Amino acid sequence: MIILASASPRRRDILEMLGFEYRIAGGGCDETVPPEYGVEQTVKELSLRKAMTAVGEAGPEDIVLGMDTMVCLDGRIFGKPKSEREAADMLRALSGRQHTVYTGYTVICGKERFTGCEKADVYFRELSDNDIDFYVATGEPMDKAGAYGIQGKGALLVERICGDYYTVVGFPVCSVFKTAAKMTKK
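Residues numbered from 1 in each chain as written. Predicted model: local features only at pLDDT ≥ 70, side-chain atom pairs only at ≥ 80, totals over all residues. Heavy atoms only, no water.

Draft legend 1. Representation of the state of the cysteines. Applying the stated rule across the entire model yields zero disulfides. Unpaired in terms of disulfides, Cys117 finds its nearest cysteine sulfur in Cys72, a separation of 11 Å. Free of any disulfide, Cys174 has its nearest cysteine sulfur in Cys117, 15 Å distant. (Disulfide = S-S within 2.5 Å.)

Draft legend 2. Main features of the pairing of strand β3 (residues 63-73). The element β3 is largely enclosed, with a buried count of eleven among its eleven residues. Going residue by residue along β3, you find Ile63, Leu65, Met67, Thr69, Val71 and Leu73 tucked away on one face and Val64, Gly66, Asp68, Met70 and Cys72 tucked away on the opposite face as well. When strand β1 (residues 2-4) meets β3, the two strands line up parallel, connected through three bridges. Across the sheet, the residue bridging to Ile3 is Val64, located in β3. As defined by bridge partners, β3 adjoins strand β5 (residues 98-109) across ten bridges and the pair is classed as antiparallel. Residue pairing across strands places Cys72 opposite Thr100, the latter belonging to β5. (Buried < 20%, exposed > 50% of the residue type's maximum accessible area, 1.4 Å probe, protein only. Helix = DSSP H or I, 4+ residues; strand = E, 2+ residues; numbered from the N terminus. Pairing = 2+ DSSP bridges.)

Draft legend 3. Highlighting the pairing of strand β6 (residues 112-124). Summarising the sheet, β5 and β6 pair through twelve bridges and their orientation is antiparallel. For Tyr105, the partnering residue across the bridge sits in β6 and is Gly116. As consecutive antiparallel partners, β5 and β6 are separated by two residues, and within that stretch Gly110 has a phi angle of approximately 65°, a positive value. Relative to strand β7 (residues 158-162), β6 runs antiparallel, the two sharing four bridges. Bridge pairing in β7 links Asp121 to Cys162.

Here it is in structure tokens:
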């Protein structure tokens, strides 16, 4: 059984699409990190913290997954917007630019634990004010790092990506399941 330490509907959708049995466990965790942490260290640390909230609810054969995703542009981290105005400001900053999406992941199986990070570069097309207003009005940006979801209407904003699509969605499927497979074969 997979124990998913995440409330993300996108991560649940991916597990369902792949046909895995899973359940949601764990709860919120402290998401403050030391200011000297870089984005990669931050997403790894937060994925570990999230996974650790669910370990107590896992059986010895269960696989616990924790993940965290952040968008980074010119050293600035874009989390989930707190308002429509902040979402529009984020999209304006990303317009016509390349940015990097980082997804940290932790896999725990029994006493074994691995934490890693994948990243992908995303290239946005130039967005007009009308493009931004339309997208923000859909409500889609409000629960997503960087104020967009590539798997939804946000696909209209993206010209191309270099890297794994699922890393941008927030669940680096190949890396996570390669890690889990190594742990369960022992």
